[in-house]
Every structure is written in structure tokens, then in C-alpha cells.
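# Understanding the architecture of this molecule
Chain by chain, the residues run as shown.
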Amino acid sequence: MREQLPHEVAERIQKGEKFEILDVREHDEWESGHIPEARHIPLGELQGRHNELSKDRETVVVCRSGNRSGVACDLLSTLGYKVVNMPGGMSIWPGQVKFGK
């Protein structure tokens, strides 16, 4: 599984690269701070909602530390998505953070 550290993903955003960011944390975690460009689909809902994502674009998957995002990457890659796990997750995210829904 491909991985990119939070500072590498933040650099890609700053450069204007086009890719999706998927946050798989729970609703309360999302509201306590998330990457502004991210889409929110909690891990428990991903099986039923994965079709909201694009198979044509790379998707960087984010959680608090990298464990749940790894599980999500495993699922999505078996379904044909181009995924990248972000180990360290939001616990070490250096970029901009948006709060609330």
C-alpha cells in the first residue's frame, strides 16, 4: 500500500495537485478538526458509500493516526480505487484545519 506522510500531503495541496482526500473518522472527530478539502465518510459507512468517490482520481485516506485509514485503503483498493494511506493522520497534520460540519 502506498503511503504519504501528512507534511507530504500538505505540500501537494499547496502545489495545487488534484486528488481527493477522504477522512474516515467518526462525526465528532471530524467536527473537532479536519482538512478543509476533505470528504467525510466514516469507516463504518464506507462499504455502502464508496461510490461517492472517483476511481479516476487518487484518494488520500485520513484518520486520527493511520490505522483506520489503512483499513479503508485495503477495502477501497480491492474495489478498484487508487488510494494512498496517510500514516500519522490528523494527530500530526501540519496544514490548515477546518472545524465543525
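Residues numbered from 1 in each chain as written. Predicted model: local features only at pLDDT ≥ 70, side-chain atom pairs only at ≥ 80, totals over all residues. Heavy atoms only, no water.

## A look at helix 4 (residues 67-78)
The condition that has to hold: To qualify as a helix, a DSSP run of H or I must reach at least 4 residues; to qualify as a strand, a run of E must reach at least 2; elements of each kind are numbered from the N terminus. Here the expected span of a helix is defined as 1.5 Å times the quantity of residues minus one. Should any heavy atoms of two residues lie within 4.5 Å, those residues are considered in contact.
Helix length check: helix 4 (twelve residues) gives 17 Å between terminal C-alpha atoms against 16 Å at 1.5 Å per residue, within 8%. For helix 4, the secondary structure elements touched by its buried residues are strand 1 (20-23), helix 3 (46-49), strand 3 (58-62) and strand 4 (82-85). A positive backbone phi angle near 95 degrees is found at G80, which sits one or two residues after helix 4.

## Some details on the pattern of salt bridges
The line we're drawing: Salt bridge, as used here, is a side-chain nitrogen of Lys or Arg placed within 4 Å of a carboxyl oxygen of Asp or Glu. Relative accessibility decides the category of a residue: with a 1.4 Å probe and only protein chains considered, values under 20% of the type maximum give buried, values over 50% give exposed, and everything between is partly exposed.
In the structure shown here, the tally under the stated rule is seven salt bridges. For the salt bridge of R49 with E45, the shortest nitrogen-to-oxygen distance reads 2.7 Å. Residue R49 is classed as partly exposed on the basis of its relative accessible area, which comes to 25%. Residues E52 and R49 are paired through a salt bridge, measuring 2.8 Å at the closest nitrogen-oxygen approach. Bridged by salt links that share partners, the residues R2, R12, E17 and E58 form one connected network.

## Focus on the environment of G44
Within the secondary structure, G44 is located in the loop between strand 2 (39-40) and helix 3. In this structure G44 comes out as exposed when scored by relative accessible area, which is 73%. Sequence separation between G44 and V9 is 35 residues, and the spatial gap between their C-alpha atoms is 24 Å.

These results come straight from atomic positions and should not be treated as a statement about function.
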